[in-house]
Structure formats: C-alpha cells, structure tokens
Amino acid sequence: MTSSDARSTGLLFVFVMLYLLVVPLQAQYPADLESKELRITNQMTESAVSSLTSHGPILISSNRDFQSQGWPGNGTVENPYVIEGLSIQSEENCIFVTRTSVHFVVRDCRLSSGDDDKGIGIFLLKVSNAVLENITITDLSTGILVDRVAYTSISRVVLSNIKTGIVLDRSSDILVNQTSVSDSVYGVHVSKSQDCVIRDSEVSNSDIGVLTEGSLDVTLSGNLVYDCTHGFFIHSSHRGIVRGNTLHDLAYGVSTSYSDDCRLIGNEIRNSDYGAFLTNGDRLNATGNDVRSNKIAGIYVRISEDSAFIDNMIMDNAGTGLYLKAGSNCNISTNEIGYNSVSNAGDYKDATVIVTLENSWDGNAWGDYHGIPTYAIPGDRKSVDNCPHSILRTHSPDDVVLEFGETASFIWNISAFRPDRFEVSRNGEVSQSGKWNGSNLRIELASLDVGVYDYALTVNTTSRRVWTDTVSVSVFDSIGPVWIDGPEDTSIESGGRFSIQLTAYDPSGIDRYWVNNTDDFTIDLNGNVSDTHVLSVGLYWLEIGVADVYGNPLTTVITVHVVDTTTPIIDGPNDISIHEGTAGVAIVWSTFYDLNPGSYQILRNGTMLREGLWNSTSESLVISLDDLPPGTYVYSLILSDTSGNSVEDEVLVIVTPQETPTTETTTPTTTSGQPPTTTDTSLTSPQDSSMAPLATITGFSVAAAIVILVLSRRGVMPLSKKGK
C-alpha cells in the first residue's frame, strides 16, 4: 500500500467514527437552494487550443536547463523563463521541474494522459518562484504536485477527471487562485505546508474539496465547493482561516478535527448534512457565518475549549442549529439561531470528557423567543441565555373597517435583532419603503374612498429573514347626508308661490333629491323645491328626501300651509240721490275681487235683501231702486271669502218726494182796463203759509240725522265719492 492510499484509508476511518457519533441527530429535510457557481474557466479559446504545439514531456532539473532547452527569458522576475502554447500527453510527468530557484512561467498549455490513473500534469519539486497560469489538465492521476516548493502561484487552471487535483506538500507561500477542480478524489490537498492560500476557486463532484493535514496558517477564501462529500476538511492543522466561502450540497460543509485556533468567518454553508462539523479543537472562532437549510445540524461542536461562536446566522436547519457537546468555557453570543426543526441549540455533557467550566450563552437572538427573561438551552448542561432577543418578532394587526370619512391607523408590532429594510404596498402598489430600524410601523388611514384596500408589509433582516403580512381595510358608507340648509315648516299667503333652497352634505357626495308629492311640487338636482302651480288654500304634508352616491337616504317631513288672510276687494258705486218715481235706477256692484270667493249679503238699512254664493269674480250684483218711497236708505254689500275674510261696502240712496207743479193764472182784464191775473205753478207741494218755516226746519233736521247715521256707520265719508 502506498503512503497516499494509507492516508486515504486513515481519513475514511476518522470520518466513519465521527459519523457514528452524530447519527442520533440526523433528520430529514428537503433543501433545494439554488447553487451559486463560480464557473471558472481559463482563457484558452478553441482556436487557441487547436493552435497548441504538440510537445513531449518536459524535464527541467536545474536553472541551467531553462537556457539549455531554449526556453525564452532569463529567469528574473522581470523576464522569467516561459513555457507556453504546448499540448503535452504523458502517462508519467507532463512537466517536471526540480531544484530550480529562477523565475519561470508555464502558461496556455494543455496537459493530459491516455490513462486517468496515471501521470502527473505538473510536478514541481524543490523549486521556487514558479507561476502556473491558464492551463487545462485532464485525465491524470494528479493534476499539479507541489513538493517542497515556495513562492509559487497557480492561477486559472482547470482540472477535470483527476484523482487528485492539486497537492501542496511540505511547501510554503503557495497561492492557488481562480482554479477549478471537478471529478476528483481531492480537489486541493495541503499537507505539512504553511502560509498557503486557496482563493476564488471552485471544486465540485469530488470526495473532498480541500483537505489540509498537519499544516499551519492555511487560508481558504472566496471559494465555491459543492456536490462533494466533504467541503473543507481541516485535520491537525492550526491557525487555519476559512473566510467568505460558499459551500452547499455536501455531506460536511467545513470539518475540523484536532485543529486549534481555526477561524470560520463569513461563510455561507447550506444544503448539506452538517454545515460545520468541529471536533477536538480549542480556541475555535466561528463569526458571521450563514449556516442554514442543512439536514442534520447547522454547527456541530464536540470537545472544544475556549472557543467562540459569535454573530452567526444558524437557521432553517432540519436538525439542531448549534449543537455543543463537551464544550468548556465557550462563548456563544449575538448569534441568530432560529427556525431549526429539532431544536435551535443544545448544550450537552460527554461521559468520556470531564468539563470544569460552563459555557456562556449571552445575547443571542432566537427564533422562538417570546419575551421571557431568560432562554433555556436544551441539554443536560442546564445552560441559559440571560439576555435573549428575538430574531424577528411580529404581530399582525386585525383587519380594519372604517366608515367613509373616518380616519384611523393601525400598527404592525414588529422588531428584529438585525433589521434591514421594509416595504409597504397598497393593493399591489408600493407606498412606502426604505431602511428599517426595527421599530413598529404605523399606517395612517385617511382620505380613503369606499372600497377594500389590502395593505401588505414586507420586512427583511440582515439575516435574510423575510416576513410578509397583509391587513385588509374596508371602507363603507352607511350614513346618510345631513342638512346644512334643511327644510322647515312653511306658511305662504294664498296666491303666492312656494320655493325653498335646500343644501345637504355627505362626504361621498350628493346623488339626488326627491319629494313625495310630484303633482304639486318639484325638486331639481341642486335641492331647489318649488310648487308646480298656485296652491289652493290648505295644509300640504311634504316628504323631502336626499341620498348620497351610495344610496344612503335622509328624509324629512314638513308642512306647507297655504293661508288666506287677505280681505276681498270692492270698488263700490257712488251714493245715489233720485226723485220719487224715477224708474230704471239701480245700484250695481261690478268691481270686486278675491282669490277664494265665498258668499255675499245685501242689506238695506240692516235688513237682508239678498244673499248667496259668490262664485265668480266677473259677476255683477244689481239692486233695483224702482218704486222706493221717499226717504234715505243705506244699502250694504258684505263679501266673505272661503277663509272668513269679509269686507263691506255701503251705498247711500236718498229718494226725494215728487214735487207738485205751480200754475200761474192770468185773468183777463175787463174793459175796465185792469191787467189779467197770472197763476205760477212751482215744483213744491202746496203748503200752508203759516207752516212753511216749520216744515223747512223739520226737513233739515231729518236730513242731518240721516247723514250723521250714515257717517257713523261708514266712517267719515262725504256723500260724493271720490274717483267715481
């Protein structure tokens, strides 16, 4: 058995034993995260490959061989020897350089073997100052073997179908950069070397991505390792640095055993059985790593003293997040540990190890922390986190129902250990977004129209936790309008027209007005109510309504009272004076008016002569004065409307007696010469001459009494009426 075979067998035994120790933690978890491939390729185009020069194997065993074999350059750093543009196939060593110290470069070459179990692409033995770049190596046992080499750079090398990609053995200050290894047993094997760096490289479909054994100060930085059994395996190698790598779909992401003072910083490890498997190492430091979606455990630590696990994100693992067994004086603080299926953490004893110092769990954020003073760590060590936090604490507010026009707000009670950003959208349209400081978010609800609004909140943490919640806000309008200038009971005079202007308000807007009595009233879109015709005297019950745009009504009943307080109008005839026996004289009332005529009465000296219905304003009332004996008469016309308003008009009629004519008789004179006698017939009745003064006085007295009587009934009124 070769030393290489023995070494492989020993490693397999170690891994089998480690696996058996942690089988009880195993759980099933479907992880299907997208791979982030580097896809490193060299710069050799197809045309460049076809233009390569076939060349036999190259052997250089001293500095002089570069010159003697005719390789261009002089071996200085400014003008190194150059081997380039060659295609070499060999089942042994394609290029073998040993015991040199000059600067040389091997580039733009293609190296292969007819048998993938044989041959070495480039073998550097006891050399320094070499640069290997832009090389394709396939179908060999070992791609690049570096043995006891210093100050050498390997860049942009693509190795495939190689048993061992790159071996750094007993070397120092070696840089492997932007190199890809696939389909191998070991991607990069670092053995008993120091100050080596493997960075920005890619290893896939291999048993072990990078293996370090017995080495010091090896740095693995910015690499991508996937679809391997082991990502990085650090064994008996101290002060190693694993920084900024992405490892996924592995059995073991990062494994350390019997290695002290190693640091895991800012790595992303996912979709593996174990994110990190750390055993028998002291003073380990894991800081800022993102370990999630692994099947058995995020970070598994066994037998470790004085180690620190700080600021890591250990989430969504199917088993345990951070499992610590037989740890002593370890510091676990300010990590985000949550949403792991079996448990977020565990702190356990080991029957084979005596532990004297407790571990310190302090200030971590937990996915299942609910605000109690301490957080109990599962396990028989009875550890507690005395200052726990929540990774992301959320509380969804209730849905909101608002009356239109109301203002309100709701609060998302949320907090995060490491908040990042937030975004609020309303019905799918982003309304707010920005940096989130971890405080509650208040949403003000104002000026919302009737409808349903979905407010969606998305918050992110720096640990890529995302929480989304939706609150439904329903705005209804169930309240009708209110009157600003509303209807009131109204009274109008008969013959007048009715009109009022109404004003109603509703936040949604006014849609329409209406009245119940459309025969007598109408209302327009602006709330103006008017009659459709002159209203009859009476009481009208009027229901007036208004509705907003959502059909919410407001109705009010008012009365419109049409009253008649106006007395009828009479323009009566003048007083009349006639002689006894005059025929064809009458009192005619032809000018009188009222909107609501009722009845009439005609009286003479207080005695009813005639009465009846007053039906028309165009009719005339006629009273004949024929056959009236001499005397003074007061004729009264009383008009009453249907509301009881009345007016009276009086006409004074004086009938004077018929006068007897006076006849003058002329008596002829006789012959005696006397003049004839003449008789004068006057219009006065014959009176006794002795009674004449008394009759005259009596007549004037009666006439004066009648005038006084008339004036007292009618008010002061002359016998002759003006304007007639």
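It should be emphasised that the depicted structure is a prediction, and the values quoted were computed from it without experimental measurement.

A.B. asks: Teacher, can you tell me more about the overall build of the chain here?
C.D. replies: When helices and strands are tallied, the chain shows four helices and 60 strands. Per-residue burial for the chain yields a buried fraction of 47% across its 724 residues. If you take every contact in the chain between residues at least 6 apart in sequence, the share linking residues at least 24 apart comes to 48%. When the accessible surface of the chain is totalled, it reaches about 34200 Å², and 51% of it is carbon and sulfur.

A.B. asks: Looking at this structure, I do not really get the nonpolar core. What am I missing?
C.D. replies: Nonpolar side chains in soluble globular proteins tend to end up buried together. Counting residues in hydrophobic clusters, the biggest one holds 75 residues, and the most contacted among them are Leu124 and Ile144. Looking at this core, the element that brings in the most residues is strand S8 (residues 130-147), giving seven residues. For Ile144, the contacting residues outside a window of four places in its chain are Ile122, Leu132, Ile137, Ile154, Val157, Leu159, Gly165, Ile166 and Val167. Residues Leu392, Phe410, Ala416 and Tyr453 belong to the second largest nonpolar core, which totals 27 residues.

A.B. asks: Please clarify how the confidence of the model for the chain should be interpreted in this entry.
C.D. replies: When pLDDT is low, close inspection of the predicted coordinates is not appropriate. Here the chain shows a mean pLDDT of 85. Residues at 70 or above account for 84%. Here residues 1-38 scores under 50 on pLDDT; set against residues more than four positions off or in separate chains, the count is 66 contacts. Taken as a whole, residues 665-724 scores under 50 in pLDDT and shows 70 contacts with residues more than four places along the chain or in a different chain.

A.B. asks: Mind showing me how you'd approach the side chain of Asn245 here?
C.D. replies: Along the polypeptide, Asn245 turns up in the loop between strand S16 (241-243) and strand S17 (246-257). Assessed through its relative accessible area of 1%, Asn245 is described here as buried. Looking at Asn245, its side chain comes within polar contact range of the main-chain nitrogen of Gly222, at 3.2 Å. The contact partners of Asn245, leaving out residues within four places of it in the chain, are Leu220, Ser221, Gly222, Asn223, Phe232, Gly266, Asn267 and Glu268.

A.B. asks: I keep staring at unusual backbone geometry and nothing clicks. Help me out?
C.D. replies: Trans peptide bonds make up most of the peptide bonds, and negative phi angles are found at most residues other than glycine. If you check the backbone angles, Arg239 has positive phi at about 60° while not being a glycine. Relative to the assigned elements, Arg239 resides in the loop between strand S15 (224-235) and S16. The class of Arg239 is partly exposed, set by a relative accessible area of 38%. Even without being a glycine, Asp311 presents a positive backbone phi close to 60°. Residue position: Asp311 is located in the loop between strand S24 (308-310) and strand S25 (313-315). Exposure remark for Asp311: the relative accessible area of 32% places this residue in the partly exposed category.

A.B. asks: How do you make sense of a nonpolar patch on the surface when you look at a structure like this?
C.D. replies: Together, Val482, Ile484 and Tyr505 make up an exposed nonpolar region whose accessible area comes to about 300 Å². You can call Tyr505 partly exposed: its relative accessible area is 47%.

A.B. asks: Looking at this structure, how should I read the sheet that holds strand S50 (residues 538-548)?
C.D. replies: What links the strands of a sheet is backbone hydrogen bonding, and the strands pair in either a parallel or an antiparallel sense. The strand order across the open sheet built from four strands is S44-S51-S50-S47, with neighbouring strands paired in mixed fashion. At either end of the open sheet lies a strand with only one pairing partner, and these are strand S44 (490-493) and strand S47 (510-515). Across this sheet, the average inter-strand angle for adjacent strands is 25°, counted without regard to direction. As paired strands, S44 and strand S51 (residues 553-563) are joined by four bridges and run parallel to one another. The partner of Thr490 across the bridge, within S51, is Val560.

A.B. asks: Can you help me understand the packing of aromatic side chains in this one?
C.D. replies: On inspection of all chains with the given rule, the structure shows 17 aromatic pairs. Summarising the aromatic geometry, the rings of Tyr274 and Tyr300 are spaced 6.2 Å apart at their centres and angled 70° between planes, so their arrangement reads as edge-to-face. Placement of the pair is Tyr274 in strand S20 (residues 274-279) and Tyr300 in strand S23 (residues 297-305), with a sequence separation of 26 residues. Among the residues examined, Tyr274 registers a relative accessible area of 1% and is labelled buried. Grouped by ring-pair contacts, the aromatic residues Tyr252, Tyr274, Phe277, Tyr300, Tyr323 and Tyr348 constitute a single cluster. Here Arg465 stacks its cationic end above the ring of Tyr339, 3.9 Å away from the centre of that ring.

A.B. asks: In this structure, what is going on with the pattern of salt bridges? I would like to understand it.
C.D. replies: Close approach of charged atoms lets side chains of opposite charge pair. One pass over the structure, following the stated rule, counts 20 salt bridges. Between Glu268 and Arg270 there is a salt bridge; the shortest N-O distance is 2.6 Å. You can call Glu268 buried: its relative accessible area is 19%. For Arg270, a relative accessible area of 5% puts it in the buried group. Ionic pairing is found between Asp420 and Lys435, a salt bridge with its closest N-O pair at 3.1 Å. Here Asp420 is found in strand S38 (residues 419-426), whereas its partner Lys435 is found in strand S39 (residues 429-435), with 15 residues between them in sequence. Judged by its relative accessible area of 22%, Asp420 is partly exposed. A residue is classified by how much of its surface remains accessible, and Lys435, at 61% relative accessible area, is exposed. Several salt bridges share partner residues, and in doing so they unite Glu84, Arg107, Glu133 and Arg156 into one network.

A.B. asks: Is there a simple way to explain the sheet that holds strand S53 (residues 576-579) in this structure?
C.D. replies: Pairing is mixed across the open sheet formed by five strands, whose spatial order is S53-S60-S59-S56-S57. Two strands lie at the open edges of the sheet, namely S53 and strand S57 (607-613), each paired on one side alone. The mean inter-strand angle of the sheet, taken between neighbouring strand axes irrespective of direction, is 20°. Pairing of strand S59 (residues 631-641) with strand S60 (residues 646-656) involves ten bridges; the strand directions are antiparallel. Its bridge partner being in S60, Ile638 is matched across the sheet by Glu648.

Parameters at a glance
Residues numbered from 1 in each chain as written. Predicted model: local features only at pLDDT ≥ 70, side-chain atom pairs only at ≥ 80, totals over all residues. Heavy atoms only, no water. Helix = DSSP H or I, 4+ residues; strand = E, 2+ residues; numbered from the N terminus. Buried < 20%, exposed > 50% of the residue type's maximum accessible area, 1.4 Å probe, protein only. Contact = heavy atoms within 4.5 Å. Areas by Shrake-Rupley, 256 points an atom, 1.4 Å probe, with all protein chains shown as cover. Core = buried A, V, L, I, M, F, W, Y, C linked by side-chain atoms within 4.5 Å. pLDDT = per-residue confidence, 0-100. Polar contact = N/O pair within 3.5 Å; in protein donor to acceptor, adjacent residues only side chain to side chain. Patch = residues over 30% accessible without salt bridge, like charges linked within 9 Å, V, L, I, M, F, W, Y side chains within 5 Å. Salt bridge = Lys/Arg side-chain N within 4 Å of Asp/Glu carboxyl O. Pairing = 2+ DSSP bridges. Axes fitted to C-alpha atoms, helices over the stretch in contact; angles between N-to-C directions. Phe/Tyr/Trp six-rings, centres within 6.5 Å; stacked < 30°, edge-to-face > 60°. Lys NZ or Arg CZ within 6 Å of the ring centre and 35° of its normal.

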